[in-house]
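Spelled out from the first residue to the last, the chains are:
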Amino acid sequence: MHRTIPIKPVRPALIEIEPRLIGDAQDLQRVVGALETALDAQMGLREPAGAWLRELRLVDAEAELSFAPGLPYCGPELMQAAFDTLRTLLPDTDIYVRTARA
């Protein structure tokens, strides 16, 4: 009888940097909190925003979200989850989601 040990990939530790936030402080806090909750629930992204968020700009009916480059979670599903969350919170806003330059 052989015992099988499941192998689970270990994601590299993310570097936490204070994200650049531009816009009304209350709106930014609400949006970042909602993104943290949604990305945790949908993607398993449990790190604080400083580990994955590089910039969030909420100005003039536009929202621009920049993810940290090289995220192990990064991909179309992450971008779509963030876009859907922003669309729910900011229905009359042009939304742009991208990965920040390294």
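Let me begin by describing the structure that accompanies this report. (Residues numbered from 1 in each chain as written. Predicted model: local features only at pLDDT ≥ 70, side-chain atom pairs only at ≥ 80, totals over all residues. Heavy atoms only, no water.)

1. Topic: the overall build of the protein
Then comes step 1: The helix and strand inventory of the protein stands at three helices and four strands.
Then comes step 2: Along its sequence from the N terminus, the protein presents helices and strands in the succession β-α-α-β-β-α-β.
Then comes step 3: Principal-axis analysis of the C-alpha atoms places the extent of the protein at approximately 65 × 25 × 20 Å.
Then comes step 4: For the protein, the proportion of its 102 residues judged to be buried stands at 35%. (Helix = DSSP H or I, 4+ residues; strand = E, 2+ residues; numbered from the N terminus. Buried < 20%, exposed > 50% of the residue type's maximum accessible area, 1.4 Å probe, protein only.)

2. Remarks on the packing of aromatic side chains
Then comes step 1: Counted according to the given criterion, the structure contains one aromatic pair.
Then comes step 2: An angle of 40° between the planes, with centres 5.8 Å apart, marks the rings of W52 and F67 as tilted. With W52 in helix α2 (residues 49-52) and F67 in strand β3 (residues 62-67), this residue pair connects regions lying 15 residues apart in the sequence. The two residues W52 and F67 agree in class, both being buried. (Phe/Tyr/Trp six-rings, centres within 6.5 Å; stacked < 30°, edge-to-face > 60°.)

3. Observations concerning the sheet that holds strand β4 (residues 94-99)
Then comes step 1: Across the sheet, which stays open at both edges, the four strands sit in the order β1-β2-β3-β4 with mixed pairing between neighbours. In this open sheet, the two edge strands, each paired with only one partner strand, are β1 (20-22) and β4. Neighbour-to-neighbour, the strand axes of the sheet open up by a mean angle of 5°, direction not taken into account.
Then comes step 2: Relative to β4, β3 runs parallel, the two sharing six bridges. Its bridge partner being in β4, E62 is matched across the sheet by D94. (Pairing = 2+ DSSP bridges. Axes fitted to C-alpha atoms, helices over the stretch in contact; angles between N-to-C directions.)

4. Let's talk about the pattern of salt bridges
Then comes step 1: In this structure the tally under the stated criterion is five salt bridges.
Then comes step 2: With a closest N to O distance of 3.1 Å, R57 and E62 form a salt bridge.
Then comes step 3: On the basis of relative accessible area, R57 is assigned to the buried category, the value being 18%.
Then comes step 4: Judged by its relative accessible area of 25%, E62 is partly exposed.
Then comes step 5: Residues joined in a network through salt bridges with shared partners are R57, E62, E64 and R98. (Salt bridge = Lys/Arg side-chain N within 4 Å of Asp/Glu carboxyl O.)

5. Describing the packing of helix α1 (residues 25-43) against helix α3 (residues 76-89)
Then comes step 1: For the pair α1 and α3, the least separation of the axes is 10 Å and the interaxial angle reads 140°. By the angle between their axes, α1 is oblique relative to α3. Taken as a pair, α1 and α3 cross one another with a handedness that is right-handed. Contact residues: R30, V31, A34, L35, A38, L39, Q42 and M43 in α1; E77, L78, A81, A82, T85, L86 and L89 in α3.
Then comes step 2: A class-by-class count of the residues in the contact of α1 with α3 yields eleven nonpolar, two polar and two charged. (Parallel < 35°, antiparallel > 145°, perpendicular 65-115°, else oblique. Left-handed = near helix turned anticlockwise from the far one by under 90°. Contact = heavy atoms within 4.5 Å. Nonpolar A, V, L, I, M, F, W, Y, C, P; charged D, E, K, R; others polar.)

6. So, the pairing of β3
Then comes step 1: Of all six residues making up β3, five are buried, and the element is well covered by its neighbours.
Then comes step 2: One ladder, built from six bridges, connects strand β2 (residues 53-59) with β3; its direction is antiparallel. Bridge pairing in β3 links L56 to L65.
Then comes step 3: In sequence, β2 turns back onto β3 through a hairpin of two residues, with D60 there showing a positive phi of about 50°.

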